[in-house]
Every structure is written in structure tokens, then in C-alpha cells.
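Letter by letter, the chains look like this.
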Amino acid sequence: DDDDWFGVITGDSSSDADLSSVMGFSGFGKKARTFDLEAMFEQTRRTAIERSQHILENKTVWFIINTVFMPILKKNRFVPSSCVCVNRKQDSDVIAPPLPPALGAQTEESDDDDDDDEDDVVGPPLPPGYKHSTANPVKKIPDTHEITLQHGSKSVSALALDPSGARLVTGGYDYDVRFWDFAGMDAALHAFRSLQPCECHQIRSLQYSVTGDVILVVAGNSQAKVLDRDGFQVLECIKGDQYIVDMANTKGHTAMLNGGCWHPKIKEEFLTCSNDGTVRTWDLNSEKKHKSVFKPRSLQGKRVTPTCCTYSRDGKLIAAGCQDGTIQIWDRNLSVHTKFHCRQAHAAGSDTTCLAFSYDGVTLASRGGDDTLKTWDIRNFRKPLAAVTGLTSFFPMTDCCFSPDDKLLLTGTSVKKDEGNGKLLFFERESLRKVYEIEVADASVVRCLWHPKLNQIMVGTGNGLAKVYYDPVKSQRGAMLCVVKSKRKEKHAETLTQDYIITPHALPMFREARQRSTRKQLEKDRLDPVRSHKPEPPMSGPGRGGRVAAHGGTLSSFIVKNIALDKTDDSNPREAILRHAKEAAENPYWVAPAYKQKNI
């Protein structure tokens with residue numbers, strides 16, 4: 001019976017034989033079952049090896065399909081370009097590049113929707129070949145409401161939102177940087193702080209770090225600054241030696257800065273580009289020297305000026321748009337040679353105003369000074385995927401950015417004074433077909449920013465306005481926090497609103513309470529010199545209270561005046577002493593009585 005035995009793990013049976021001979025019996029009943037541990041371990045190891053080989057073979061097959069056959073099918077357009085071959089039987093053994101976050105979320109939602117549709121089918125069956133229509137990305141644009149923030153009278157050349165979307169920072173050609181707190185503002189929409197961090201230099205770029213605790217300020221000087229959330233300086237980059245020919249041997253920039261941005265993953269690292277022909281990375285903990293230097297070069301090997309720079313979404317690539325029309329991309333860890341290079345991205349001599357990577361990290365959008373907007377596939381960087389012309393740009397920092405779902409691309413246009421309105425244009429990512437536009441103001445649209453968490457669009461204009469577009473249904477927090485608050489009431493003198501009958505002889509129980517008015521109290525306070533902080537009038541007559549009235553009103557001026565009025569001539573000291581000799585002899589008081597002998 002299997003229930004009557006028990007197992008004992010042992011390695012030697014000689015001790016049982018010795019014990020049976022001494023005790024005088026042959027054994028203890030049923031013999032205990034023994035286990036060979038080494039054999040068990042060996043069998044387990046072989047099973048694991050066989051399973052690993054089987055999984056590896058499956059992975060190899062799917063890897064070959066995705067890397068060899070799928071590119072050929074995509075090139076010949078047998079399958080869509082976004083198609084990826086996946087082993088459905090083994091979800092844990094998927095071999096393929098990871099799907100973009102937006103695409104992955106859409107795939108999961110579509111799978112869930114399909115399952116729900118299969119479970120909850122109501123009505124007649126759909127005709128064969130019918131496909132569910134995808135959601136229109138234009139409907140996700142939050143443009144039903146807007147608020148206007150008055151930055152100043154000159155162009156808003158920089159915009160930045162912290163990652164949480166609680167604070168907005170604006171910078172302009174008037175040298176000011178203004179801080180806006182959506183949660184702390186009311187309907188009056190006033191900034192809670194304004195400062196000039198770079199004195200008389202125009203603000204070129206602003207950006208919050210990935211953690212939102214510091215702000216990078218890039219102005220028209222050669223030294224970028226880092227401020228904390230309240231505007232206090234944390235770091236100022238060092239200035240390089242402008243007399244050194246090789247810019248790699250200097251510790252910092254030597255000419256005006258054009259742009260800068262934070263690393264998307266490393267919170268202490270940021271990037272700047274300058275007219276000295278270099279792109280430099282910096283460490284927040286080391287202000288004495290840059291971290292690394294990238295030097296753009298023309299086809300002839302000459303120095304060219306980078307006008308804009310950015311990191312890729314994963315932070316592994318650094319891209320720069322240059323004045324000769326080229327776009328040059330380096331590996332962040334290899335600063336000598338470019339990894340991707342396009343020589344004729346935009347017209348030579350025009351400033352590339354903005355570079356932006358898509359959220360999936362595959363597409364690069366470039367806004368050129370030649371009034372064009374182009375998209376590029378960094379895996380095939382020789383020619384653009386699509387291009388749009390006729391987008392007027394008068395500013396060297398005209399923006400372009402992707403929508404949070406990566407389906408739209410937006411940018412602004414510039415206009416001359418009294419010649420129309422600046423527009424915010426929306427294009428499809430794949431074909432750059434214009435699908436929507438917003439007329440912002442009767443001035444140029446310089447900066448644009450679409451925050452992914454808030455789903456709100458921030459726009460900086462050429463007449464000093466910063467506009468925020470939002471939708472109460474599709475957007476979250478941000479501008480919606482301050483528009484619901486009423487304006488703070490201004491303090492003013494209140495007057496009586498109704499007649500008051502004075503009855504001095506009425507009994508206390510029938511006497512009407514006297515109405516109080518703040519106007520009379522303010523009038524009394526106005527007559528009180530202490531409460532109204534009345535300035536002290538000039539002194540007349542003799543001084544009092546420590547103040548001297550005549551000639552200046554200060555003690556020093558009074559002493560100088562008295563010394564100047566002393567007309568005595570002390571040029572002959574002997575005559576000045578002998579002048580008192582007669583009075584001293586006739587009426588000795590100080591010295592003579594001390595030497596007079598007394599009769600004892």
C-alpha cells in the first residue's frame with residue numbers, strides 16, 4: 001500500500017545492517033524508499049536545456065521573419081508599413097521592435113473593442129469587407145475655449161510648461177521671463193513673478209527639466225542659465241575663450257546662443273547651440289566646463305552655425321539644424337562623426353528654426369527658414385517623407401510639434417503688420433495634408449506647444465500675447481483651474497445704500513442699529529498723519545525731534561555752517577594766548593590757585 005511507506009533520503013545503507021545485527025532482527029519492516037539527488041538534478045537540467053532550445057528556435061524563426069521577409073513585403077507594398085509579425089501562441093516570446101506607446105494603446109483598445117463588439121453584437125450582420133472607421137484626429141483638437149495671458153508689448157519668443165502642467169513660463173523680446181501658476185491665478189490672469197535673468201538679452205528658449213524642478217533659460221548672450229521654480233539662479237554656464245581657434249578647447253560658448261533643451265531621461269544634462277559653431281552638452285553639477293562638444297561641418301569641412309538643436313525621445317541622438325540648410329544627427333556618446341546627415345534639407349543660408357522628434361522616435365519634423373515644413377524618417381534620411389511650402393516665418397524660433405497621439409503636426413505662420421492674422425496650422429503626419437487651422441491673432445504665431453497631459457495648446461504671438469486653447473470636455477486642469485475663479489474685489493469706500501432714520505430718544509429695544517460706513521472711517525484715517533503716512537514737511541524755525549531746521553536740516557550741515565561762521569584768526573598762536581593773560585592775572589581760577597602756597 002502506497003500510504004504505508006515514507007521516503008527517506010539517504011546515501012549509505014551500511015549503518016542499517018550494523019544496527020540489525022546488534023539488535024538481533026533482520027529489519028524495521030518495510031524498507032524505506034531512497035532518492036538519487038544527482039540523477040534528479042541531471043534530469044531537471046536536461047529538461048531545462050531542451051525547453052530553452054525549443055524557445056530559442058521559435059524566437060529565431062520569428063526574428064528571421066520580421067527582419068528578413070517583412071522588409072521585403074513592406075517594400076513591395078504587400079503588407080502595410082506598420083505591420084509586425086507576432087507569435088500569438090506565445091505572447092511572452094514576442095520578437096520584434098516594441099510598438100510605440102500610442103500605437104500599443106490603440107492596439108489594446110481595438111482588441112478590447114473587438115471583444116466587446118463580438119460579445120454585444122446588436123442588429124443585422126455587417127456587410128463583407130466593411131471596416132470600422134478610425135477616429136478623426138481633428139476632433140481631438142482642444143479649440144473650443146481660450147484664455148489670453150498678457151506677457152508684454154513685444155514678441156513672446158519662448159514658452160515652457162512643467163511636466164505636470166501646473167506652471168507656465170513665458171519669455172520675450174522685452175528681456176522678461178514671467179511665471180504663471182494656473183492653480184493660483186484667478187480670472188484676472190496675472191503672472192505671480194516677473195524677472196530679467198539675462199539683463200538686456202532677448203530670451204531665445206525656455207524649458208523645464210524632466211522632473212520640473214529647474215528651468216533652462218537660453219538668451220542672446222553666450223551663457224545659459226538654470227533657474228529653480230521660483231526664478232532664483234541655480235547655475236550659470238561658463239564663458240569660453242574667444243581667442244582660441246579650436247572651439248573644442250574652450251570651456252564654454254563664445255558667441256550668442258541660438259537654442260537649448262533638457263535631456264529627456266537624465267535630469268542633470270542639457271544641450272545648447274551657439275553662433276560659435278558648436279553644440280555643447282552640460283552637467284548641472286559641473287558649471288566649470290561643458291560635458292562634450294559637437295562641431296557641425298559643411299561638405300568642405302568648414303564650420304557652420306547651428307540654429308536649433310534637440311534630443312531624440314530616448315536621449316540617444318542629438319540633432320542640429322544649421323545655416324547651410326543641413327540637418328546633422330550625432331550619437332550622444334560619439335561626438336566626432338555624424339550618424340545621420342542630410343545636406344540639402346532646407347535652403348542654404350536660411351535658419352532652420354525648429355527640430356522635433358515624434359513620440360515614437362521614428363519621424364523628425366523640421367521647420368525651415370525657407371517657409372517649409374518637412375518630415376523625415378531617420379532610418380532613411382536621404383529625402384523627406386513629405387513637405388509643405390508657403391508657410392511664412394519671420395522669426396528664428398518658429399515652432400513645430402507633434403500632437404500627443406502622434407497623428408498631427410502643428411506649426412505657426414507669420415504675418416506683417418496689418419496684413420492679416422497669424423494662423424496655427426494642423427497637418428496630417430503621414431502626408432502633411434492640412435486638416436485644420438486656427439486664426440490666433442492679428443500678429444505672427446511664434447511659439448506653439450501641445451501638452452500631452454493637459455491636452456491644451458499654448459501659443460506665443462508677435463504682439464506679446466500668450467494664448468491657451470482648451471476644451472472643457474477633452475482637457476484637464478491647466479487653464480480650466482483659473483477661469484472658474486472670480487476676480488478679487490478691489491478695496492473701495494462703501495457708502496450707505498438706504499436711508500437711516502435717527503431717533504435719539506427711542507428706547508434701546510426699539511432703537512434701530514446704526515449703519516456703519518467705511519467711507520467715514522477712511523476720511524478720519526486720512527486726517528490722521530500717522531495712519532495716512534503723511535510725509536513730513538520741511539522744518540521752519542528752530543529744529544526739534546533730532547532734526548535741525550536751518551540750512552540742510554542735518555547735523556553735519558549745521559556743524560559745517562558754524563565752523564564757517566567762526567571769524568577768529570588763529571594764525572599767530574602767541575597773540576591768541578596772551579589775549580587772555582590780563583583776565584587770568586586779575587581773576588585766577590584754573591591754574592594759579594593750584595600753585596599758591598598756603599600758610600599753615
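These figures come from a predicted structure and were not determined experimentally. (Residues numbered from 1 in each chain as written. Predicted model: local features only at pLDDT ≥ 70, side-chain atom pairs only at ≥ 80, totals over all residues. Heavy atoms only, no water.)

1. Re the sheet that holds strand β14 (residues 306-311)
Definition in use: By definition, two strands form a pair when at least two bridges between them are found by DSSP. Working definition: helices are DSSP H or I runs of at least four residues, strands are E runs of at least two. Numbering for both runs from the N terminus. Here an angle of 0 to 180 degrees is reported between the N-to-C directions of two axes, which are lines fitted to C-alpha atoms, with helices fitted over the stretch in contact.
An order of β14-β15-β16-β17 is seen for the 4 strands of this open sheet, with the pairing classed as antiparallel. Of all strands in the sheet, those bounded by a partner on one side alone are β14 and β17 (340-342). Going across the sheet, the axis of each strand differs from the next one's by a mean of 15°, ignoring polarity. Direction of pairing for β14 relative to strand β15 (residues 317-322): antiparallel, over a ladder of 5 bridges. What sits directly across from C308, in β15, is G321.

2. What to know about the pattern of salt bridges
For side chains of opposite charge, pairing can occur when their charged atoms come near one another. Let me state the cut-off plainly: Salt bridge criterion: a side-chain nitrogen from Lys or Arg within 4 Å of a carboxyl oxygen from Asp or Glu. The cut-offs for exposure are 20% and 50% of the maximum accessible area for each residue type, with area from a 1.4 Å probe on protein chains only; residues under the lower value are buried, those over the upper are exposed, and the others partly exposed.
This structure, assessed with the given rule, holds 22 salt bridges. Between E42 and R45 there is a salt bridge, with its nearest N and O atoms 2.6 Å apart. One end of the pair is E42 and the other is R45, both in helix α2 (residues 37-75) and 3 residues apart, which spans about a single turn. The partner of E428 in a salt bridge is R433, and the shortest N-O contact between them spans 2.6 Å. By relative accessible area, which is 25% here, E428 ends up partly exposed.

3. Regarding the packing of aromatic side chains
Centre distance and the angle of the planes are the two values used to describe a pair of aromatic rings. Definition in use: Centre distance within 6.5 Å is the pairing criterion for rings of Phe, Tyr and Trp, where only the six-membered ring of Trp is used; planes under 30 degrees apart are then read as stacked, over 60 as edge-to-face, and the remainder as tilted. Our definition puts a charge over a ring when NZ of Lys or CZ of Arg is within 6 Å of the ring centre and also within 35 degrees of the ring normal.
Summed over all chains, the structure comprises 9 aromatic pairs. A connected cluster of aromatic rings, assembled from ring pairs, spans W262, F270 and W282. The aromatic ring of Y359 is capped on one face by R313, whose charged end is 4.1 Å from the ring centroid.

4. Comments concerning the pairing of strand β7 (residues 214-219)
Across the 6 residues that make up β7, a large majority, 6, are buried. The side-chain alternation of β7 yields two buried faces, one formed by V214, L216 and V218 and the other by I215, V217 and A219. A loop of 5 residues connects strand β6 (residues 203-208) with β7, the two strands running antiparallel in sequence, and G212 in this loop sits at a positive phi of about 80°. Sheet analysis places β7 next to strand β8 (residues 225-228), joined by 4 bridges and oriented antiparallel. When the bridges of β8 are listed, V214 appears paired with D228.

5. Quick notes on the state of the cysteines
As a reminder of what qualifies: In what follows, a disulfide is any cysteine sulfur pair within 2.5 Å.
Scanning all chains against the criterion turns up 0 disulfides. Of the cysteine sulfurs around C308, a residue in no disulfide, the closest is that of C354, at 6.5 Å. Its relative accessible area of 7% is what places C308 among the buried residues. Note on C322: no disulfide assigned, nearest cysteine sulfur contributed by C308 at a separation of 8.0 Å.

6. Details of the side chain of T310
The condition that has to hold: Here a residue-residue contact requires only that any non-hydrogen atoms of the pair lie within 4.5 Å.
Positionally, T310 belongs in strand β14. The class of T310 is buried, set by a relative accessible area of 13%. T310 has contacts with C261, L271, L317, I318, A319, L355 and F357, leaving out every residue within four places of it along the chain.

7. Some remarks on the nonpolar core
Which entries qualify depends on this criterion: For the purposes of this section, nonpolar cores are sets of buried Ala, Val, Leu, Ile, Met, Phe, Trp, Tyr and Cys residues that join through side-chain atoms within 4.5 Å.
Counting 17 residues, the largest nonpolar core has I147, L149, L168, F182, M185 and M458 as the members making the most contacts within it. Where this core is concerned, the elements lending two or more residues are β1 (145-150), β2 (156-161) and β28 (465-470). Apart from the residues lying within four places of it in its own chain, the contact partners of F182 are L161, G165, A166, L168, M458, G478, A479, L481 and C482. Counting residues in hydrophobic clusters, the runner-up holds 16 residues, among them I141, L410, C448 and W450.

8. Thoughts on the UniProt feature "repeat: WD" (unreviewed entry) in the chain
Rule in force here: UniProt positions are given in the numbering used here, feature names are shortened, and annotations may be inferred rather than shown by experiment.
UniProt records the feature "repeat: WD" (unreviewed entry) for residues 149-181, 250-292, 299-331 and 345-380 in the present numbering. Here residues 299-331 runs as 0% helix and 52% strand, with 19 Å between its end C-alpha atoms. Annotated as 0% helix and 42% strand, the span residues 345-380 places its first and last C-alpha atoms 13 Å apart.

9. Let's talk about unusual backbone geometry
Of note in the backbone geometry, Y175 takes a positive phi value of approximately 75° without being a glycine. Mapping Y175 onto the fold places it in the loop between β3 (167-172) and β4 (177-181). According to the relative accessible area criterion, Y175 is partly exposed, its value standing at 27%. With a phi close to 60°, D418 is a non-glycine residue in the positive phi region. Mapping D418 onto the fold places it in the loop between β23 (408-412) and β24 (422-428).

10. Structural notes on the confidence of the model for the chain
The condition is simple: Per residue, pLDDT measures the predictor's confidence, with a range of 0 to 100.
Model confidence for the chain is summarised by a mean pLDDT of 80, while 76% of its residues fall at 70 or above. Helix α3 (residues 101-119) is the least confidently modelled element of the chain, averaging 48 in pLDDT, while β7 averages 95, the highest of any element. Of the regions scoring below 50 in pLDDT, residues 1-13 engages in 15 contacts with residues more than four places distant in sequence or in other chains. The low-confidence segment residues 129-133, where pLDDT is below 50, has 2 contacts with residues more than four positions distant or belonging to other chains.

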